[in-house]
Amino acid sequence: MNRTKRLLTSAVAAAFVGIQSFADNDLTMIVGTYTEQSTSEGMYIYRFNQDNGKAEAISSVKAGNPSFLTFNDDATRVYAVNEYDDERRGAGAYSFDAQKGTLSLLSSQHCGTLSNGHVKNMPGAAPCNIMAYGSHLVTSNYNGGDISVFPIKQDGSIGAENQYFCMYKTEGVESHIHCCMMTPDHRYMIATDLGNDCIWRFDANDANKADGTFLTNPTEIYSAPKGTGPRHIVFNDKGTVAYLIGELDGTVTVLGYNDGNLKELQRVQASETKTSGSADIHLSPDGKFLYASHRLKDEGISIFSVDQNTGLITKIGFQPTAAHPRNFAITPNGNYMLVACRDSNVIEVYRRDKKTGKLVNTRQNIKLGKPVCIQFASL
């Protein structure tokens, strides 16, 4: 279980004692949203009970298009993107007050400031994903086709961009970086590139290196079939297999991982029809089932069983959802899946059958303007 989640829940549970009832199975849930042409004003904090599937609003903080967010290691800080194509593009650092259940802005920075204007789009445009690792923060800038690295200071705030990587490699082909994440061995960072249909690998250097250099040696380690559109990727607990969702063709690719290298093992059509719009991918807590979300035409969640020996998958179902399901999250106990359906302005709550992997809509919807990202804090 993620150390961030363990620490945050213990802190939150202690803080709410005597303030309001906080059951053992309550989680803290933070939701990122789009604020443009939306009733949403930023990020929202809820208490979610993973036994009965009910949510209770706690507080919110204003932010511009905080479409993706993440915690630091001890869950005292939250980092969120500001997904814009203009000068508002960037990332923000927030302190988390467990006792009050609130977020407070510490600092914010722009993406793409170290660029020399490499492409027609604004450098650093549309940061859509964010990763915190040690003393470094990394944003994946979708329309900029680039990656920004920021130093995290001792107080949790972030300094100005100190590394920048333009990922354009072919004239006339735009890069679109969608997510960056550390490999299970923590030796490398990988980045999915929808535009170039590939996955990049960076050497990840000592987080405390004197000159602040975190990433070096960008190398293409996986080339997907043209039109795949690599978007999000998740590793199994063993760190031996990764699952990649293709946004443009609706496939899930199973990749073997070893010592910084990826090898294709299997490709499966995940969406009901071959159409663009696939979004997110996650494993169940026990690793027995894999789920992927799809938007635009086949709106819903595809369900796969996972062979525990080989890591290969078999499609076993499809759960229709409300409009434009983006990010989704499964509770740590595996009982529920929450799906952020952006264009229906709702988070749908599904009960999950641990034996079959199938989903049932509880109709206990959480109404919120353009929800995009759901992050749990739990035991």
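The following refers to the structure shown. Remember, it's a predicted structure, so these values are computed and weren't measured experimentally.

Some details on the overall build of the protein chain
Here is step 1: Looking only at helices and strands, the protein chain has one helix and 29 strands in total.
Here is step 2: Of all 379 residues assigned to the protein chain, the portion counted as buried reaches 60%.
Here is step 3: Long-range pairs, those at least 24 residues apart, make up 49% of the contacts in the protein chain between residues at least 6 apart in sequence.
Here is step 4: If you sum the accessible surface of the protein chain, you get close to 15,000 Å²; carbon and sulfur atoms cover 46% of it.

Concerning the nonpolar core
Here is step 1: With 24 residues, the main nonpolar core has Ile30, Met43, Val78, Tyr94, Leu103 and Leu137 as its most contacted residues.
Here is step 2: Secondary-structure elements contributing two or more residues to this core are β2 (42-49), β4 (69-71), β5 (77-82) and β6 (90-97).
Here is step 3: In this structure, Ile147, Val149, Ala191 and Trp200 belong to the second largest nonpolar core, which totals 17 residues.

A look at unusual backbone geometry
Here is step 1: The backbone of Asn217 sits at a positive phi, close to 55°, despite the residue not being glycine.
Here is step 2: Note that Asn217 resides in strand β15 (residues 215-223).
Here is step 3: Looking at Asn217, the relative accessible area reads 43%, which means it is partly exposed.
Here is step 4: The phi angle at Lys370 is positive, at roughly 45°, despite the residue not being glycine.
Here is step 5: In this structure, Lys370 sits in the loop between β28 (366-367) and β29 (371-377).

Observations regarding the pattern of salt bridges
Here is step 1: Inspection of the entire model under this criterion finds 11 salt bridges.
Here is step 2: Between Lys169 and Glu220 there is a salt bridge; the shortest N-O distance is 2.5 Å. Of this pair, Lys169 sits in the loop between β11 (163-166) and β12 (177-182) while Glu220 sits in strand β15, placing them 51 residues apart in sequence.
Here is step 3: The exposure class assigned to Lys169 is partly exposed, which follows from its relative accessible area of 40%.
Here is step 4: Residue class for Glu220 comes out partly exposed when judged on its relative accessible area of 32%.

Describing the environment of Leu265
Here is step 1: Its place among the elements puts Leu265 in strand β19 (residues 261-269).
Here is step 2: A sequence separation of 10 residues divides Leu265 from Leu255, and the C-alpha atoms of the two residues are 5.4 Å apart.

Quick word on the packing of aromatic side chains
Here is step 1: Going through the model one piece at a time under the given rule, you end up with five aromatic pairs.
Here is step 2: On the numbers, 5.9 Å between centres and 85° between planes, the contact of Phe48 with Tyr336 is edge-to-face. Pair noted here: Phe48 is in strand β2 and Tyr336 is in strand β25 (residues 336-341), with a separation of 288 residues, a long-range link. The pair formed by Phe48 and Tyr336 is uniform in burial state, with each residue classed as buried.
Here is step 3: Pairing Phe235 with Tyr257 gives two aromatic rings, centres 5.5 Å apart and planes at 80°, and the pair type is edge-to-face.

About the criteria used
Residues numbered from 1 in each chain as written. Predicted model: local features only at pLDDT ≥ 70, side-chain atom pairs only at ≥ 80, totals over all residues. Heavy atoms only, no water. Helix = DSSP H or I, 4+ residues; strand = E, 2+ residues; numbered from the N terminus. Buried < 20%, exposed > 50% of the residue type's maximum accessible area, 1.4 Å probe, protein only. Contact = heavy atoms within 4.5 Å. Areas by Shrake-Rupley, 256 points an atom, 1.4 Å probe, with all protein chains shown as cover. Core = buried A, V, L, I, M, F, W, Y, C linked by side-chain atoms within 4.5 Å. Salt bridge = Lys/Arg side-chain N within 4 Å of Asp/Glu carboxyl O. Phe/Tyr/Trp six-rings, centres within 6.5 Å; stacked < 30°, edge-to-face > 60°.

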